[in-house]
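Take a look at the letters that make up each chain.
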Amino acid sequence: MALLEVKDLQVYYGVICALKGISFEVNQGEIVSLIGANGAGKTTTMQSIAGLIPIKGGVVNYDGQPINKVPGHKLVKMGMSQVPEGRRVFQELTVYENLVMGAYTQKDKKKIKEDIDEICTRFPRLGERKKQIAGTLSGGEQQMLAMGRAMMSHPKLLMLDEPSMGLSPLLVDEVFNIIKDYHKSGTTILLVEQNAKKALAVSDRAYVLETGSIAASGKASDLMNDESIKKAYLGE
Amino acid sequence: MNILFNGLSLGAIYALIALGYTMVYGIAKMLNFAHGDVIMVGAYALLVTLNLQGHIALGVVVSVVVCTVAGIVIEKLAYKPLRGASPLAVLITAIGVSYLLQSVSQLIFGAAPQPITIGNFGTVNLFGAEISTSTILTLVVGSVIMACLTVFIKKTRTGRAMVAVSEDRGAALLMGINVNRIIMITFAIGSALAACASVFYLMQIPSLEPTLGSMPGIKAFTAAVIGGIGSIPGAMLGGVLLGVIEKVCLSIPALSPYTTAVEFGLLIVILLVRPIGLLGKKRREKV
Ligand SMILES: Nc1ncnc2c1ncn2[C@@H]1O[C@H](COP(=O)(O)OP(=O)(O)OP(=O)(O)O)[C@@H](O)[C@H]1O
Ligand SMILES: [Mg+2]
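Residues numbered from 1 in each chain as written. Chains lettered and ligands numbered in written order. Predicted model: local features only at pLDDT ≥ 70, side-chain atom pairs only at ≥ 80, totals over all residues. Heavy atoms only, no water.

### Details of the overall build of chain B
Summing up its helical and strand segments, chain B has 11 helices and 4 strands in all. For 287 residues, the compact-globule estimate of 2.2 N^0.38 gives 19 Å, and the C-alpha radius of gyration of chain B, at 19 Å, lies within 12% of that figure. When its C-alpha atoms are laid out on the principal axes, chain B stretches across 55 × 45 × 35 Å. The buried share of chain B, reckoned over its 287 residues, is 51%. Put simply, of all contacts in chain B between residues at least 6 apart along the chain, 75% involve residues at least 24 apart. With the model as given, the accessible surface of chain B reaches about 12,900 Å², and the carbon-plus-sulfur share is 71%. In chain B, 18 side chains carry a positive charge and 9 a negative one; their mean positions are 13 Å apart. (Helix = DSSP H or I, 4+ residues; strand = E, 2+ residues; numbered from the N terminus. Rg over C-alpha atoms; globule rule 2.2 N^0.38 Å. Buried < 20%, exposed > 50% of the residue type's maximum accessible area, 1.4 Å probe, protein only. Contact = heavy atoms within 4.5 Å. Areas by Shrake-Rupley, 256 points an atom, 1.4 Å probe, with all protein chains shown as cover. Lys, Arg positive; Asp, Glu negative; His and termini not counted. Charge placed at Lys NZ, Arg CZ, Asp CG, Glu CD.)

If you want it as C-alpha cells, here you go:
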C-alpha cells in the first residue's frame, strides 16, 4: 500500500518552474531514495510535500488522503516528519530543548522523557551533550540532533534531505547505519541524497530527478547496475 | 531618589511597550508601527469605562480586552494576508493601520485632548523621599508582568514554540507548530502589554488625544532597538535605560529642553558602536 503517493506534482518559485509534474510513491515499510544533481528539485519536492512551499498542481496523497491543502503543522500529527536540508536545529536552544521541540505534538510528558532517553541511547553523542547549546555542536552532532528531533514525533514516514551532507566518511556510514536501524524498527523512509551510491545501497527503490522531472526509476539494485546511471551519478 | 524612581517607572512603561515591538519583530519578522496606537486604543477604552461610571479595575480589564482583540484583528485583517510579501509592503501597511486607528478615534472622540482622572493615589515615604504611589505601582506591577512574561516564554509549551518560530519559522512548522497561531498569540500578548502600559501612562499624564500613542510608541521603539530588537531582555533593559535617562535629563535645567535629542542621540551612538543593540543576537546567515 502506498503511504505517500505523489501525482504530477508541480511547484513554481514565482514564474520559475522547479518541479514540472513529477510522480512517485513510497510504500509502507520501504526505503525509497530520490537522487539527482544540484538544483534538480529534490529539496523542493521534500518541502512542498511537508507544506513549507505551496503546491501549484498535482496531488499528494498521504496515508490515503489528499494533503495538498492540509497545513504543514497538521502533517506532523498525521505521522510525517522531516529532517530538513542543512539540519536547521534551533541554534539558541540546548540539545535537550531541541528534542523536546521535536515532541511538540506529543502530549504525555513522561513518555517524552522516556523518548529522549531512547534517542540518547541511539545517539550517544547527544546523550553526552544534553545541556549544550545546539549552535555550538559540530556539524555531525547537529545532524544527529536533527535526526533525533525528527524521531521524537514517532513518525510513520521519516523524510531525510541530504543527511550525509558535509560529514566525514566515517560519520556518513554511521548516519546510514542509523537510518537502516530506524527503518527496521518499523518506519517508512524517503531519503534524498547526493551520495547516490550509499543511498542506493540502503534503498528498496529509487527515483532519479533531473531538472524538475523524473528521469529514471526502479529497484535500487537495478539502478545500481544501469550504465547511464553509473556514469552520471555513481562516478564510475 | 525621586528622579530615579520616576525614571524607573517611566522605564517600565517604555519596556512594556517595547516588548510588543520586539516580540512581534522577533516572531513575525515585521515592524508593527501601529503598536503605539494600540496604547491610544487602550487609553480610550479606559476613559469610556470610567465615563460610564465603571470602576478603575473594570476599566483596566476592559482596556486589556479591547487591546488584545484589536491586536488580533489588526494582525488577521492587515498583516496575515501579507505573509511572505516584501517587507516594504508590510511596513507601509503598518503605517496605514496607524493612521487608520488615529483617524477612527478622532472621528469618535474628536481631536481635542480630554482629561482623565484615575483616582488620587497620594505619596509614600521611601528612603526619606516622597514618592507617588502611582510610580511605585507602575514599577511593581510592571516588573511582575515582565517576570510573568519571562516565565511564560521559558516554561510553557506555547512560549517555547514562540522561541522556535522566531528562530526558524520553517523548522518550527516541521515540528508541528501552528505558526499562524503563534503569531496571533504574539500580537495578542504585545497588545495586552500595551494596554497595561496605557493605564500607567495615563497615571503620569492624565490627558488623552488620538495621537497619544505616537510619542511613547516612538520612545519604546527606540528602547527596543537600543536593547536589540528581537530580544526580550533587551527590550526591558532598553526601556528602563531610556526612562531613567529621560527623567534625569528633565531634572537638569540646562539639559531638559534637549531631552528627546539626548535619547535619540543615545540610539545613534549605540547603533554605531553595536549595530545589533545591547543584547541583540547576531543573525546567522542561512546556508
Ligand atoms: N526560494 C527559491 N527561489 C527561487 N528559486 C529557487 C528557490 N529555491 C530553489 N530554487 C530553484 O529551484 C531549483 C531546485 O532547487 P532545489 O533546492 O529543490 O534543488 P536540490 O535538488 O535540492 O539541489 P541540492 O542538491 O543542491 O540541494 C533550483 O534551480 C533552484 O535554483
Ligand atoms: Mg537540496
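There's more to say after this.
### Here's the deal with the environment of Gly212 of chain A
Residue and element names in this part refer to chain A. Tracing the backbone shows Gly212 in the loop between β9 (205–210) and β10 (213–219). Expressed as a C-alpha distance, the spacing of Gly212 and Lys42, which sit 170 residues apart in the sequence, is 8.3 Å. Once residues lying within four places of it in the same chain are set aside, the contact partners of Gly212 are Ala18, Leu19, Lys20, Gly21, Ile22 and Ala40.

### Looking at the sheet that holds strand β2 (residues 16–27) of chain A
Spatially, the 4 strands line up as an open sheet ordered β2-β1-β4-β5 (chain A), and their pairing is antiparallel. The strands lining the two open edges of the sheet, one partner per strand, are β2 and β5 (65–66) of chain A. (Pairing = 2+ DSSP bridges.)

### A look at the coordination of the magnesium ion (ligand 2)
The magnesium ion (ligand 2) binds to the protein through Thr43 of chain A (OG1) and Glu85 of chain A (OE), with metal-donor distances spanning 1.9 to 2.2 Å. Placement of the pair is Thr43 of chain A in helix α1 (residues 42–49) and Glu85 of chain A in the loop between β6 (80–83) and α3 (95–102), with a sequence separation of 42 residues. (Donors = N, O, S within 2.8 Å, 3.2 Å for Na, K, Ca; no water.)

### Considering the side chain of Thr188 of chain A
The topology assignment puts Thr188 of chain A in strand β8 (residues 188–193). Apart from residues no more than four positions distant in its own chain, Thr188 of chain A is found in contact with Leu3, Val26, Asn27, Gln28, Gly29, Glu30, Lys156, Leu157 and Leu158 of chain A.

### Points about the interface of chain B and chain A
Across the contact, 21 residues belong to chain B and 21 residues belong to chain A. When the buried surface of chain B facing chain A is broken down by residue, Glu167, Leu174 and Met175 of chain B rank first, second and third, together holding 34% of it. Across the contact surface, chain B and chain A share 2 salt bridges. A salt bridge links Arg160 of chain B to Glu97 of chain A; its shortest N-O distance comes to 2.6 Å. Our enumeration of links across chain B and chain A arrives at 6 residue pairs in polar contact (both at pLDDT 80 or more). (Buried area = accessible area lost by both parts, 1.4 Å probe. Salt bridge = Lys/Arg side-chain N within 4 Å of Asp/Glu carboxyl O. Polar contact = N/O pair within 3.5 Å; in protein donor to acceptor, adjacent residues only side chain to side chain.)

### Topic: the site of ligand 1
Residue and element names in this part refer to chain A. If you check the shell around ligand 1, you find 13 residues, and the closest are Lys42, Thr43, Thr44, Glu85 and Gln194. Gly41 has a polar backbone atom sitting 2.9 Å from an oxygen atom of ligand 1. With respect to ligand 1, the side chain of Thr43 contributes an N or O atom lying 2.6 Å from an oxygen atom. Summarising the interface, the protein chains cover 60% of the accessible area of ligand 1, which totals 630 Å² for the free molecule. The leading source of residues in the shell around ligand 1 is α1, at 3 residues. Classifying every residue of the shell around ligand 1 gives 4 nonpolar, 6 polar and 3 charged. (Near = heavy atom within 4 Å. Nonpolar A, V, L, I, M, F, W, Y, C, P; charged D, E, K, R; others polar.)

### Considerations on the environment of Glu174 of chain A
Topologically, Glu174 of chain A is positioned in helix α7 (residues 169–184). For the pair formed by Glu174 of chain A and Ser164 of chain A, sequence separation is 10 residues and the distance between their alpha carbons is 9.4 Å.

### Thoughts on the sheet that holds strand β7 (residues 157–161) of chain A
Residues and elements named next belong to chain A. The strand order across the open sheet formed by 6 strands is β6-β7-β8-β3-β9-β10, and the pairing between neighbours is mixed. Edge positions in the open sheet fall to β6 and β10, since each of these has one partner strand only. Strand-to-strand twist across the sheet, computed as the mean angle between neighbouring axes with direction ignored, equals 15°. Where α1 meets the sheet, its contacts fall on β3 (31–35), β6, β7, β8 and β9, and the angle it forms with β7 comes to roughly 145°. In the packing of helix α6 (residues 139–151) onto the sheet, contacts are made with β6 and β7, and the angle to β6 comes to roughly 175°. (Axes fitted to C-alpha atoms, helices over the stretch in contact; angles between N-to-C directions.)

### Some remarks on the packing of aromatic side chains
Counting across every chain of the model gives 5 aromatic pairs over all chains. Considering the side-chain rings of Phe24 of chain A and Tyr207 of chain A, the 5.5 Å spacing of their centres and the 55° angle between planes classify their relative orientation as tilted. Residue Phe24 of chain A is found in strand β2, and its partner Tyr207 of chain A is found in strand β9; the two are separated by 183 residues along the sequence. Per residue, the accessibility class of Phe24 of chain A equals that of Tyr207 of chain A, and both read buried. Ring centres of Tyr21 of chain B and Phe221 of chain B lie 5.4 Å apart, and the angle between their planes is 55°; this geometry places the pair in the tilted category. Linking Tyr21 of chain B in helix α1 (residues 2–28) with Phe221 of chain B in helix α9 (residues 214–227), this pair joins segments that are 200 residues apart in sequence. The residues Tyr21 of chain B and Phe221 of chain B share a single accessibility class, namely buried. (Phe/Tyr/Trp six-rings, centres within 6.5 Å; stacked < 30°, edge-to-face > 60°.)

### Here we look at the packing of helix α10 (residues 232–251) of chain B against helix α11 (residues 259–273) of chain B
All names here are of chain B. Axis separation between α10 and α11 bottoms out at 9 Å; the angle between their running directions is 145°. Regarding α10 and α11, the two cross each other, and that crossing is right-handed. On α11, the residues that touch Leu242, Ile245, Glu246, Cys249 and Leu250 of α10 are Thr259, Val262, Glu263 and Leu266. Here the contact of α10 with α11 is composed, by residue class, of 6 nonpolar, 1 polar and 2 charged. (Left-handed = near helix turned anticlockwise from the far one by under 90°.)

### Side note on the side chain of Lys219 of chain B
All names here are of chain B. Tracing the backbone through its elements, the reader meets Lys219 in helix α9. Residue Lys219 is classed as buried on the basis of its relative accessible area of 5%. Leaving out residues up to four positions away in the same chain, Lys219 has contacts with Tyr14, Leu242, Glu246, Thr260 and Glu263.

### Quick word on a nonpolar patch on the surface
Together, Val61, Val65, Val69, Val73 and Leu77 of chain B make up an exposed nonpolar region whose accessible area comes to about 440 Å². Looking at the secondary structure, you find Leu77 of chain B in helix α3 (residues 56–79). (Patch = residues over 30% accessible without salt bridge, like charges linked within 9 Å, V, L, I, M, F, W, Y side chains within 5 Å.)

### What to know about the state of the cysteines
In total, this model carries 0 disulfides over all chains according to the counting rule given. With no disulfide partner, Cys196 of chain B has as its closest neighbouring cysteine sulfur the one in Cys67 of chain B, 8.7 Å distant. (Disulfide = S-S within 2.5 Å.)

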